[in-house]
Amino acid sequence: MRVVFMGTPDFAVPSLNALLERGHEILAVYTQPDKPKGRGHKLLPPPVKETAMAHNIEVRQPTTFKNNEDEIAYLKALAPELIVVAAYGKILPPRVLNIPPRGCINVHGSLLPKYRGAAPIQWAVLNGDKITGVTIMQMADGIDTGDMLAKAETPIGEDETAGELFDRLMVLGAELLVDTIDKLDTITPQPQNDAEAIHAPMIRKEMGAIDWTQPAERVHDLVRGLNPWPSAFFTLEGKRMKLHRTKVVVGKGEPGEIAVIGGEMAVCCGENAVQLIEIQPENGKRMRGSDYLRGHAIEAKAKVQ
């Protein structure tokens, strides 16, 4: 099939590769503009652009499609049968959605209508869900509101981070994508139940502040859901600490109180406690919580904030 692909981050790369491996003709790849990164603010290409260039595929990076007559005319001239979108990061106006005769389909990292929006993978972990998956949907004029074409489920591990789940779902999504395209003529689209929709807004840094009055399970979910970015955090001895990995353990004490449970550093919560498996002191390197405890004389009943 003649396909235009639209995607930006790592999540989209397996889908692009799967289309190529299945023999589809990728007419062009659309991705977001290069962005400055690092201390030198050097412009770096998105992962999808790097993949496209490695396959000698034309790359387009418009800042917007809105009122962009030249880009829309160019896209029409490509005459794609289908547009495939995976984490592109831009809303496509109806004028774009209506270009390909087979429509536009999207690889979405949740079981719609649950978690429509920018951060479906993180919110599934933040909310302590046990099951998630990917949905291939027909795109419509709305945010993740189109009819569903296919779904694939997968369990979420008790200690699995959003980053680890992200890596699994991007592979699962690519597999489901090419399988769905193969069966496109035989699939009956299923409308979403808007009453069951849950919004998954963008993740913000300030969400990482830990409330130790919450049950340990909720603190654990926060840490997992914000790993690898932006990370949960707390304050100890006047310094901000990032918390990368935890484990729920049985414990009793005042919320925020440091305890030694099973020889490991832990913090008491509103219910039970969390073991601090991996922390990162401000301007320091990652380390085990137990190693930090051995190197610092922390007073009995000391509290984190």
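Reading the values: the criteria
- For every chain, the first residue of the written sequence is number 1, and numbering continues from 1 along that sequence.
- Whole-chain, interface and lining totals are the exception, using all residues; otherwise, since this is a predicted model, local features are given only for residues with pLDDT of at least 70 and side-chain atom pairs are given and counted only at 80 or more.
- Each side-chain value is worked out from all heavy atoms of the structure, with water and hydrogens disregarded.
- Cavities and pockets were defined on a 1 Å grid built from protein atoms only: a cavity is a group of points that admits a 1.4 Å probe but offers it no way out, a pocket is an open group of points flanked by protein on both sides within 12 Å along at least five of seven lines, and a lining residue is one with an atom within 4 Å of any such point.
- Grid points are joined across faces, edges and corners, and a volume is the space filled by probe spheres set on the points.
- A run of DSSP states H or I qualifies as a helix once it reaches four residues; a run of E qualifies as a strand once it reaches two. Both are numbered from the N-terminal end.
- Under the convention adopted here, Pro, Cys and the residues Ala, Val, Leu, Ile, Met, Phe, Trp and Tyr are nonpolar, Asp, Glu, Lys and Arg are charged, and Gly plus all remaining residues are polar.
- Counted as salt bridges are all cases of a side-chain nitrogen of Lys or Arg within 4 Å of a carboxyl oxygen of Asp or Glu.
- To estimate how far a helix should extend, the number of its residues minus one is multiplied by 1.5 Å.
- Classification of residues uses two cut-offs on accessible area relative to the type maximum, computed with a 1.4 Å probe and protein chains only: under 20% is buried, over 50% is exposed, and between them is partly exposed.
- In the analysis that follows, any N or O atom pair within 3.5 Å is treated as a polar contact, provided that within protein one partner can donate a hydrogen and the other can accept it, and provided that, for residues neighboring in sequence, both atoms belong to side chains.
- Between any two strands, pairing holds if DSSP finds at least two bridges.
- For helices, the fitted line uses only the C-alpha atoms of the stretch in contact; every axis is such a line through C-alpha atoms, and the angle between N-to-C directions lies from 0 to 180 degrees.
- Should the near helix be turned anticlockwise from the far one by less than a right angle, the crossing is termed left-handed; should it be turned clockwise, right-handed.
- We call two residues in contact when some of their heavy atoms are within 4.5 Å.
- Pairing of aromatic rings covers Phe, Tyr and Trp, the last counted by its six-membered ring, and requires centre-to-centre distances within 6.5 Å; plane angles under 30 degrees mean stacked, over 60 mean edge-to-face, and any other angle means tilted.
- Note on geometry: a ring has a charge over it if NZ (lysine) or CZ (arginine) is within 6 Å of the ring centre and within 35 degrees of the ring normal.
- Each angle gets one of four labels, with under 35 degrees taken as roughly parallel, over 145 as roughly antiparallel, 65 to 115 as roughly perpendicular, and the rest as oblique.
- The definition of a right-handed crossover adopted here requires that, viewed with the strands pointing away, the path from the first strand over the helix to the second runs clockwise.

S.K.: Residues and numbers for the layout of surface pockets, please.
M.R.: Roughly 1500 Å³ of internal volume is contained in the largest pocket. Forming the boundary of the largest pocket are 49 residues, of which Pro9, Ala87, Tyr88, Gly89 and Ala118 lie nearest the centre. Elements supplying a minimum of two residues to the lining of the largest pocket: β3 (35–37), β7 (104–108), α5 (120–126), α6 (162–182) and β11 (199–200). Its residues assigned to classes, the lining of the largest pocket shows 30 nonpolar, twelve polar and seven charged. Partitioned by chemical class, the residues of the lining of the second largest pocket number four nonpolar, one polar and three charged.

S.K.: Go over the pattern of salt bridges with me, naming the residues and quoting the values.
M.R.: This structure, assessed with the given rule, holds 18 salt bridges. The salt bridge partner of Glu160 is Arg168, with a shortest N-O separation of 2.7 Å. Each of the salt bridges in this network shares a partner with another, and the network as a whole consists of Glu58, Arg60 and Glu71.

S.K.: A description of α6 should follow, citing residues and the corresponding values.
M.R.: Because each turn of an α-helix spans 3.6 residues, side chains separated by three or four positions end up pointing in the same direction. Its 21 residues place the ends of α6 30 Å apart at the C-alpha level, agreeing with the 30 Å of an ideal helix rising 1.5 Å per residue. What α6 keeps buried is the set Ala162, Gly163, Leu165, Leu169, Met170, Gly173, Ala174, Leu176, Leu177, Val178, Thr180 and Ile181.

S.K.: Please provide a residue-by-residue account of the environment of Asp211, values included.
M.R.: Tracing the sequence through the fold places Asp211 in the loop between β11 and α7 (216–225). Taking C-alpha positions, Asp211 is 9.8 Å from Phe233, a pair spaced 22 residues apart along the chain. Reaching out from Asp211, the side chain makes a polar contact with the side chain of Thr213 at a distance of 2.6 Å.

S.K.: Can you break down the sheet that holds strand β5 (residues 59–60) residue by residue, with the values?
M.R.: Ordered in space as β5-β2-β1-β6-β7-β9-β10, the seven strands form an open sheet in which the pairing is mixed. Pairing within the sheet leaves two strands with one partner each, and these edge strands are β5 and β10 (148–155). Note: strand β2 (residues 25–30) against β5, two bridges, orientation parallel. The residue of β5 that forms the bridge with Tyr30 is Arg60.

S.K.: How would you explain the packing of helix α1 (residues 13–21) against α6 if you had to name every residue and give the values?
M.R.: Where α1 contacts α6, the two axes come as close as 8 Å, and the packing angle between them is 35°. Along this stretch, α1 crosses α6, giving a crossing that reads as right-handed. Here Pro14, Ser15, Ala18 and Leu19 of α1 lie close against α6, whose contacting residues are Met170, Gly173, Ala174, Leu177, Val178 and Ile181. Its residues assigned to classes, the contact of α1 with α6 shows eight nonpolar, two polar and no charged.

S.K.: Tell me about the packing of aromatic side chains, and name the residues and values.
M.R.: Any aromatic ring pair is given by two values, namely how distant the centres are and how the planes are angled relative to each other. Scanning all chains against the criterion turns up three aromatic pairs. With centroids separated by 5.6 Å and ring planes inclined at 35°, the aromatic side chains of Tyr30 and Phe65 adopt a geometry described as tilted. Of the two residues, Tyr30 is situated in strand β2 and Phe65 in the loop between β5 and α3 (69–78); the sequence distance between them amounts to 35 residues. Assigned by exposure class, Tyr30 and Phe65 land together as buried. Over the face of the ring belonging to Tyr74 we find Arg60, whose NZ or CZ atom lies 3.7 Å from the ring centre. The aromatic ring of Phe233 is capped on one face by Arg240, whose charged end is 3.8 Å from the ring centroid.

S.K.: So what's going on with the packing of α1 against helix α2 (residues 47–54)? Residues and values would help.
M.R.: In the contact formed by α1 and α2, the axes pass within 9 Å of each other and the chain directions differ by 25°. By the angle between their axes, α1 is roughly parallel relative to α2. Handedness of the crossing formed by α1 with α2: right-handed. Note on element contacts: α2 touches α1 through Pro47, Val48, Thr51 and Ala52, opposite Val13, Leu16 and Asn17.

S.K.: Explain the pairing of strand β1 (residues 2–7) to me, and be specific about the residues and the numbers.
M.R.: Of all six residues making up β1, five are buried, and the element is well covered by its neighbours. Where β1 meets β2, five bridges bridge the pair, whose relative direction is parallel. By the bridge assignment for β2, Arg2 is matched with Glu25. Handedness of the crossover joining β1 and β2 through α1: right-handed. As paired elements, β1 and strand β6 (residues 82–86) share five bridges and run parallel to each other. Bridge pairing in β6 links Val3 to Leu82.

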